Amino acid sequence: MTLRGLGRGISIGKRCFSSFTEVEKPPMDGKPINLFSAINQALHIALETDPRAYVFGEDVGFGGVFRCTTGLADRFGRNRVFNTPLCEQGIAGFAIGLAAMGNRAIAEIQFADYIYPAFDQIVNEAAKFRYRSGNQFNCGGLTIRSPYGAVGHGGHYHSQSPEAFFCHVPGLKVVIPRSPRQAKGLLLACIRDSNPVVFFEPKWLYRLAVEEVPEHDYMLPLSQAEVIRQGSDITLVGWGAQLSVLEHACDEVAKDGISCELIDLRTLIPWDKETVEASVRKTGRLLVSHEAPVTGGFGAEISASIAERCFLRLEAPVARICGLDTPFPLVYEPFYMPTKNKVLDAIKATVNY
Amino acid sequence: MAAVRRLSPSFSAASLRRILLLRPFSSSSADAADQRVLTVETSLPFISHKIDPPSRSVDTNPNELLSFFRDMSVMRRMEIAADSLYKAKLIRGFCHLYDGQEAVAVGMEAAITKRDGIITAYRDHNIYLGRGGSLFEAFAELMGRRAGCSRGKGGSMHFYKKDAGFYGGHGIVGAQVPLGCGVAFAQKYSKDGNVTFAMYGDGAANQGQLFEALNISALWDLPVILVCENNHYGMGTAEWRAAKSPAYYKRGDYVPGLKVDGMDVFAVKQACKFAKDYALKNGPLILEMDTYRYHGHSMSDPGSTYRTRDEISGVRQERDPIERIRKLILSHELATAAELKDTEKQVRKEVDEAIAQAKESPMPDPSELFTNVYVKGFGVEAFGADRKEVKAFLP
C-alpha cells in the first residue's frame, strides 16, 4: 500500500495499522456463552493481566445494566472497578486523564445515545493528544465501551448507531464485533492497543447471540476485515448485528443462484480497504449495510473509496441498505430498519443491473 | 369531558360534594358554598439556603383539598394501569412511573398557571396530566396510537402539551434544564410575568450542563426555578454514592435554594408559589423536593435490588401523599371515608374507560415516519434503503 495522496510514494507494510500479529482464528473449542458473558470474560482477563487496568462507568459496580461487568468489583476491588456519577463528559475526560498517566482506562458509556456530552472530550482531547503533544503524551490506554444499535423497542434514545461520527476523527479507532467469540478477542485487542479506541457492542446480541468462546486469553487483529463467506457474484459488507441480517439474506438469495461474499469489517477506522477491494475485484459488485441513517453513514466512505479504487471493475453502482434519514423512530422501527427483504431487493437489483 | 349533573333544588352539601368529585381535573374551581379558608401546616419546616424560607402555614379550602385528592388518585391510578399495560405488552419501549411523587405534580399546578412553563425529564406522565392532558391522549401515546399527545411518535418519555406550557418529556438526562432556562429567557424577554419550572432528578444533578445553565440563569436573572425531584435513587444508585453533597438545594451556591417535603402537597404548593414570586423579581431559585418513587426506575427495574422492601413500605405508610390528604379531609370532615372510596372507584372507572378507548384507537399511518423531520414542505430529500431507488421529499 502506498500513500499516493501524499505524493511521496512511501511504502508501508500491509499490517501497518494493527499493532499485533496475533492469532487469526482462535481455536474452536470453548463453552457456548452469550455476548455479555464474552465481554465479561474479556474484562476479567484484562484486569487480571494488567494491574493498572480500571473499569468504570455508570452502574458498573453491581454488574452493569447489561451484566457485562458482573463479578469484576468483587474480584478486583472497588478501587479498580467503580461507579461514576451520571456525567458522560466527566467520565470521558477522567478516563483520558487516567490513560495519559499510563493506565488502561476502560470506560463505559451506558448507551451510545448518551455519548454526545462526551463527544468533545473524545474528539478534541483523546484523538489529538498524541498528535498535539508531539508524542510526549498519549491516551493510548483509553478504551470506551458502549452498547449501540437497535434492540426492538429502544426508541429514539436507546437505539442509535453513532459510529459514523467517530469514524470521522483521525486518531481514534472504532471497533464493532459481530459475535461473542469476536467480541472477546477484539475487546482484548482494543484494550491493549496503544491508541484510543471506541468499542461499540451490539446490544441486541447481548443475550441473543450464543457462540463457543475459548476460555483463555486471545486477541484478534484490529484493522483486519474478515471474509465470513466466500462468493462470486456480489460482496456484502457490514458490521455488528447487521451481519446476521446479511447472512440470512445470503442464504435466501443462494436459492436463486446468487453467490454472495460476506465481509465483516470489524474495525471501522482504520478500515481494511485491501480486503474489501480484493473482494470487489473478484465479484464486481458491492452492497454495504448498516443501521445508522444512510446519508453520511460509514457506508458512504466505503462506497466512495471502493468507487475510487475499483471504478472500472464495478458492474453496478454500490448499493447502501441502511437506516432511513429520520430520527430513530419508536413505533416505526420495523419500517426504519435495513431488514433482510430490503437487502434481498437490493442484491437482486444490483446483480441484474 | 365531564358530565356535570344539574344541581338539585335542595342544594345539599353532600350533593355538591358529589358533583365536585365528578369533575376530572379541578385544580382551582371556585364554588360559592365551600370557600371557607382552612389553614394547614406543612409536615416539616422548609430548610433554606441563602434565603428566608416561606411560612409553614398554607391557606386552602375544601374544594382544593378534595381536588387534590382526586387529582392525585387519577395520577396514581394511571401509573398503576400503565404498569399492567406494560406487562401485557400493550406499552412497549420504556415506561418510567411516577407513583409516589404525585404531590410534586399536583402541588406545583396549584401554585401556577398554564401560562407558566414546565419542562421535565422522562418521568412525565403525571406532569402531563397535571398540565391538563387527558387520560385518553396519555394512554394513546403510551400505546403508540395516532391520537396520542405526540401523535404516537414520542412514546412514554416524550409527552408534550404546547397550549398548556408543558415543554415535555426528555430522554437524555439533564438536557432539559438548559432548555428550561431558554424558555425562561423568552418569558422574561416578552415581559409576560410567567416563569418556568425546569425539573430534573438527583441523578441529573451531577450533570455539567446543569451548572452551565445555572450560571447563565443567575447572570441574566432569568425567571427559572430549578426543581430537583430527589427520589434518592438515580436509577439504582443511591444519592450518597453519586454525589459528594446530596444537599441539592445548596448546589446552586450563589443561587438560593429551598428544601421541601415533596410528599406533602401543601409544602410543594407553598414552595412553588414562593419560588414564582421570587423568580419573577430576582432570578433563579433551586427547589429540592424530597420525594420517593414506589416503582423502580423503569419497568425493567424491579426496584428492590438496591433498596429494601421495608424502606418502600415504610415510606408508603408514613409519607404517602394521597393518604395524607385523605386524613386531612377526614379530620376536617369534608367527606366521609365512603365518599372518598367512591371517588377512587370513579377514578378507576375513568382510567379504565380511557384505556379501553385508547386500545381501540388506530395506529399512525406509516407515512408519518417521514413527517416532521424538517419543517413541512421544505423540500428536503430523504433517502430510503437504497439511495437510488427509494427517494422521498419529506412532507
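What you are looking at is a predicted structure, and each value in this text was computed from that prediction instead of being measured.

### A closer look at the overall build of chain A
A count of helices and strands for chain A gives 13 helices and 14 strands. Computed over C-alpha atoms, the radius of gyration of chain A comes to 20 Å, within 12% of the 20 Å expected from 2.2 N^0.38 for 353 residues, which places it in the range of a compact globule. If one aligns the C-alpha atoms of chain A with their principal axes, the spans along those axes are about 60 × 50 × 40 Å. With 353 residues in all, chain A has 60% of them scored as buried. For chain A, the proportion of contacts with a sequence separation of at least 24, taken over those separated by at least 6, is 82%. Entry remark: accessible area of chain A is about 13,700 Å², with carbon and sulfur atoms responsible for 54%. In chain A, which carries 36 positive and 38 negative side-chain charges, the distance between the mean positions of the two groups comes to 4 Å.

### Notes on the domain arrangement of chain A
Residue and element names in this part refer to chain A. One can read the domain layout of chain A as domain 1 (17–213) and domain 2 (226–351). One C-alpha centre belongs to domain 1, the other to domain 2; they are set 26 Å apart. Domain 1 puts 29 residues into the contact, and the matching count from domain 2 is 23 residues. Taking both partners together, domain 1 and domain 2 bury about 2,100 Å²; carbon and sulfur atoms supply 61% of that area. On the surface where domain 1 and domain 2 come into contact, there are two salt bridges. Residue D264 pairs with R178 through a salt bridge whose shortest N-O separation is 2.7 Å. Between the two partners, domain 1 and domain 2, sit ten residue pairs in polar contact (both at pLDDT 80 or more). When contributions to the side of domain 1 that touches domain 2 are tallied by element, the ones reaching two or more residues are α6 (163–167), β6 (173–175) and α7 (180–192).

### Concerning the interface of chain B and chain A
Across the contact, 37 residues belong to chain B and 36 residues belong to chain A. Taken together, chain B and chain A are joined by zero salt bridges. Joining chain B to chain A, the criterion identifies five residue pairs in polar contact (both at pLDDT 80 or more). Of all the elements in the fold, those that place two or more residues in the side of chain B that touches chain A are α8 (239–242) and β11 (381–383) of chain B.

### Brief notes about the pairing of strand β10 (residues 234–238) of chain A
Residue and element names in this part refer to chain A. A large share of β10 lies buried, amounting to five of its five residues. A two-sided burial pattern is seen for β10, the buried positions comprising I234, L236 and G238 on one face and T235 and V237 on the other. With five bridges connecting them, β10 and strand β11 (residues 260–264) associate as parallel partners. Pairing of V237 across the sheet is with I263, part of β11. Viewed along the sheet, the connection from β10 through helix α9 (residues 242–254) into β11 turns out right-handed. Across three bridges, β10 lies against strand β13 (residues 286–293) in parallel orientation.

### What to know about the pattern of salt bridges
Residue and element names in this part refer to chain B. Enumeration over the complete set of coordinates arrives at 39 salt bridges over all chains. One salt bridge connects K269 with E64, and the closest N-O pair in it is separated by 2.9 Å. With K269 in helix α9 (residues 265–282) and E64 in helix α2 (residues 62–87), the pair connects residues that are 205 residues apart, well separated along the chain. Comparing K269 with E64, the two get one shared label, buried.

### Remarks on the UniProt feature "domain: Transketolase-like pyrimidine-binding" (unreviewed entry) in chain A
UniProt's feature table lists "domain: Transketolase-like pyrimidine-binding" (unreviewed entry) at residues 33–208 of chain A, given in the numbering used throughout. Here residues 33–208 of chain A is 38% helix and 18% strand, with 10 Å between the C-alpha atoms at its ends.

### Quick word on helix α11 (residues 298–310) of chain A
All names here are of chain A. For α11, which comprises 13 residues, the first-to-last C-alpha distance of 18 Å matches the rise-based estimate of 18 Å (1.5 Å per residue) to within 8%. Burial in α11 covers these residues: F298, G299, I302, S303, S305, I306 and C310. The secondary structure elements touched by the buried residues of α11 are α6, β10, β12 (267–269), α10 (273–283), β13 and β14 (319–323).

### Details of the sheet that holds strand β4 (residues 117–119) of chain B
All names here are of chain B. Ordered by their spatial adjacency, six strands build an open sheet running β2-β9-β10-β6-β5-β4, and the pairing between neighbours is mixed. Strands with a single pairing partner mark the edges of an open sheet, and in this sheet they are β2 (47–49) and β4. Strand-to-strand twist across the sheet, computed as the mean angle between neighbouring axes with direction ignored, equals 20°. In terms of strand pairing, β2 meets strand β9 (residues 257–261) through three bridges, oriented antiparallel. Across the sheet, residue H49 finds its bridge partner in β9, namely G257.

### Description of α2(B)
Residues and elements named next belong to chain B. With 26 residues, α2 should reach 38 Å at 1.5 Å per residue; the first-to-last C-alpha distance of 38 Å fits that figure. Across the 26 residues of α2, 23 count as buried, placing the element largely inside the fold. Where α2 starts, the residue carrying a side-chain oxygen 3.0 Å from the main-chain nitrogen of N63 turns out to be N61. K89 sits one or two positions beyond α2 and adopts a positive phi of about 65°.

Procedures and definitions
- Residues numbered from 1 in each chain as written.
- Chains lettered and ligands numbered in written order.
- Predicted model: local features only at pLDDT ≥ 70, side-chain atom pairs only at ≥ 80, totals over all residues.
- Heavy atoms only, no water.
- Helix = DSSP H or I, 4+ residues; strand = E, 2+ residues; numbered from the N terminus.
- Rg over C-alpha atoms; globule rule 2.2 N^0.38 Å.
- Buried < 20%, exposed > 50% of the residue type's maximum accessible area, 1.4 Å probe, protein only.
- Contact = heavy atoms within 4.5 Å.
- Areas by Shrake-Rupley, 256 points an atom, 1.4 Å probe, with all protein chains shown as cover.
- Lys, Arg positive; Asp, Glu negative; His and termini not counted.
- Charge placed at Lys NZ, Arg CZ, Asp CG, Glu CD.
- Domains from an automatic or database assignment.
- Buried area = accessible area lost by both parts, 1.4 Å probe.
- Salt bridge = Lys/Arg side-chain N within 4 Å of Asp/Glu carboxyl O.
- Polar contact = N/O pair within 3.5 Å; in protein donor to acceptor, adjacent residues only side chain to side chain.
- Pairing = 2+ DSSP bridges.
- Right-handed = clockwise from strand over helix to strand, strands pointing away.
- UniProt positions renumbered as here; feature names shortened; annotations may be inferred.
- Expected span 1.5 Å × (residues − 1).
- Axes fitted to C-alpha atoms, helices over the stretch in contact; angles between N-to-C directions.

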